[in-house]
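Take a look at the letters that make up each chain.
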Amino acid sequence: MPAPAAHTAASPLRPLDVVVIGAGQAGLSTSAVLQEAGVEHLVLESEHVGASWRRRWDAFQVNTANMTMALHDHAYAGDDPEGFMTAPDVIDMLAGYAQARALPVKEGCTVQRVAPAAGGYAVTTDQGRIHARSVVVATGEYRRARMPRVPFAPSATLTVLHSGQYRNAGQLAEGAVLVIGGGQSGAQIAQDLHASGRRVYWSLADRPSHTRRLRGKDSMLWWDMAGRIHQHVSESAGVLAGEPDALRKARTAEFPLISGKGNGGRGSSISLMSMHRDGIALLGRLQQLSGHACSFADVQPQLRRAIDATRAEFAYLDGLASAYYATRPEPRTDDARYIPEEVYLDWELPSSPSFLDLQSAGIRSVVLATGFVAEWPWLAVDGALDAHGYPRGEFGVSPEPGLFFIGMHNLQRMSSSFLCNGGRDARDLLPDILRHLERCRSAA
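Residues numbered from 1 in each chain as written. Predicted model: local features only at pLDDT ≥ 70, side-chain atom pairs only at ≥ 80, totals over all residues. Heavy atoms only, no water.

Visitor: Looking at this structure, I do not really get helix H8 (residues 299-325). What am I missing?
Guide: Since the α-helix packs 3.6 residues into each turn, any two residues three or four apart lie on the same face. The end-to-end C-alpha distance of H8, which contains 27 residues, comes to 39 Å, matching closely the 39 Å that a straight helix rising 1.5 Å per residue would cover. All buried positions along H8 are accounted for by Val299, Gln300, Gln302, Leu303, Ala306, Ile307, Thr310, Glu313, Phe314, Leu317, Ala321 and Tyr325. Where H8 is buried, its residues contact strand S14 (213-214), strand S15 (217-218), helix H4 (219-225), helix H7 (272-278) and strand S16 (281-283). Here H8 starts with a cap whose side-chain oxygen sits 3.0 Å from the backbone nitrogen of glutamine 300, and that cap is aspartate 298. (Helix = DSSP H or I, 4+ residues; strand = E, 2+ residues; numbered from the N terminus. Expected span 1.5 Å × (residues − 1). Buried < 20%, exposed > 50% of the residue type's maximum accessible area, 1.4 Å probe, protein only. Contact = heavy atoms within 4.5 Å. Polar contact = N/O pair within 3.5 Å; in protein donor to acceptor, adjacent residues only side chain to side chain.)

Visitor: Whenever I open this one, the sheet that holds strand S17 (residues 286-291) confuses me. Can you help?
Guide: In sheet architecture, strand pairing relies on hydrogen bonds along the backbone and comes in two forms, parallel and antiparallel. Strand order in this open sheet of four strands is S10-S17-S18-S19, and the pairing throughout is mixed. Only two strands of the sheet have a single partner each, and these edge strands are strand S10 (152-154) and strand S19 (355-357). Averaged over all adjacent pairs, the angle separating strand axes in this sheet is 20°, with direction ignored. Where strand S18 (residues 293-296) and S19 come together, three bridges link them in antiparallel fashion. (Pairing = 2+ DSSP bridges. Axes fitted to C-alpha atoms, helices over the stretch in contact; angles between N-to-C directions.)

Visitor: In this structure, what is going on with the pattern of salt bridges? I would like to understand it.
Guide: Pairing between side chains of opposite charge can happen when the charged atoms of each approach one another. Considering all chains together, one arrives at 20 salt bridges under this definition. As a salt-bridge pair, aspartate 335 and arginine 213 come within 3.2 Å of each other at their nearest N and O atoms. On the criterion of sequence distance, the pair formed by aspartate 335 in the loop between H8 and S19 and arginine 213 in strand S14 is long-range, its members being 122 residues apart. Arginine 215 is paired through a salt bridge with glutamate 330; the nearest N and O atoms lie 2.8 Å apart. Of the two residues, arginine 215 is situated in the loop between S14 and S15 and glutamate 330 in the loop between H8 and S19; the sequence distance between them amounts to 115 residues. Note on arginine 215: relative accessible area 18%, which makes it buried. Take glutamate 330: its relative accessible area is 39%, and that puts it in the partly exposed class. (Salt bridge = Lys/Arg side-chain N within 4 Å of Asp/Glu carboxyl O.)

Visitor: Teacher, can you tell me more about the pairing of strand S12 (residues 176-180) here?
Guide: Within a regular strand, side chains alternate between the sheet's two faces. Here S12 lies mainly inside the structure; five of its five residues are buried. Burial along S12 is two-sided: Ala176, Leu178 and Ile180 facing one way and Val177 and Val179 facing the other are all buried. Note that S12 and strand S20 (residues 363-368) share five bridges and pair parallel. Its bridge partner lying in S20, leucine 178 is registered against valine 366.

Visitor: Just to check I follow, could you spell out the environment of threonine 110 for this structure?
Guide: Note that threonine 110 resides in the loop between strand S5 (105-107) and strand S6 (111-117). Taking relative accessible area as the criterion, threonine 110 reaches 32% and is therefore assigned partly exposed. Residues threonine 110 and isoleucine 21 lie 89 residues apart in sequence; the distance between their C-alpha atoms is 9.2 Å. Setting aside residues no more than four positions away along its own chain, threonine 110 makes contact with Ser46, Thr124, Thr125 and Asp126.

Here's what the structure looks like:
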């Protein structure tokens, strides 16, 4: 990684224009956009470029195909467009992007405090203090492991790992495993454990399954062609219709179960019916865990809602494909194998326990795929965060002058936290950054 050019070093008398905190996809795209605009800046990264991707399990693959991967002014050009990158692949892509563009990234520099100062912000790091006219927070939301939001007091004899700690089945005690959390990580870890020969119990959330491929194209391409994946949250149907609280709902909308691991490096749809048939025990939401005693909600209503939503999403994609092929020939494919079985087969789980004694079931390990909590303990800027610790302001522009956020879940669009964002959020943020810097110069 190239060292920042000498002219980016700030001094008490001449502050930097911008400090970007975090060198992931959002931070690097922001840096590239600033670089092209001639804005003096520095990217601070506490570890190495793409470091957060090192905290993935061994068999991890991203859930969008290589062909969709894009940073600012950089699209995937490799020889496996329909493959799915591993975590090391992603790190290589990000590091290569920073290297090729000679972005001013300072690795191994931990931010300890960001506080208002005359003319901007004082950024205190473990390597000294930097004065900046503006700060862009690009550290993402996956900072601190979220624990279950129900009574959770497992026996000391159980091995308990969060998904951020999980690497492979070898870390866990012999025996069956309970996976808690029905999102993307929970589904893939349940599959990974099952593939390793473990008996798996999976406590679900309310998530539909995505159809990975349909009628000759990856489903993300259909979504992109329809303008959905990069649609700004302010343009969502509810917001445009003036529905109450529609913007908050658009920002907090959960993603479906997008992709399983698949075979040969290809993604797959996550079919709840297939997972059940393969031997993974599907359970309702966790209600309580005390010692070895676990209670769960009724899984049947959850499955019915998930199946209805899965079928609706398939019908939407199929409609897009029908409209597309109405004026052109449709290729012959075997993409039907990617359709979740519950789309075309009526199915209801025969039975599912509402109570489980982990010891009797042979469960000696619990993996928590319960997500992460965004936190910025070093951000000492009054008024920047709301009562829930979420950034205030509109689409990453804080009400606190010169403070910006980027790369968070649905912050500007569905792709805001995705590797396919292509720098869209960074380009949208640039005019606000430039206006702030112009105000600073006028005031000076």
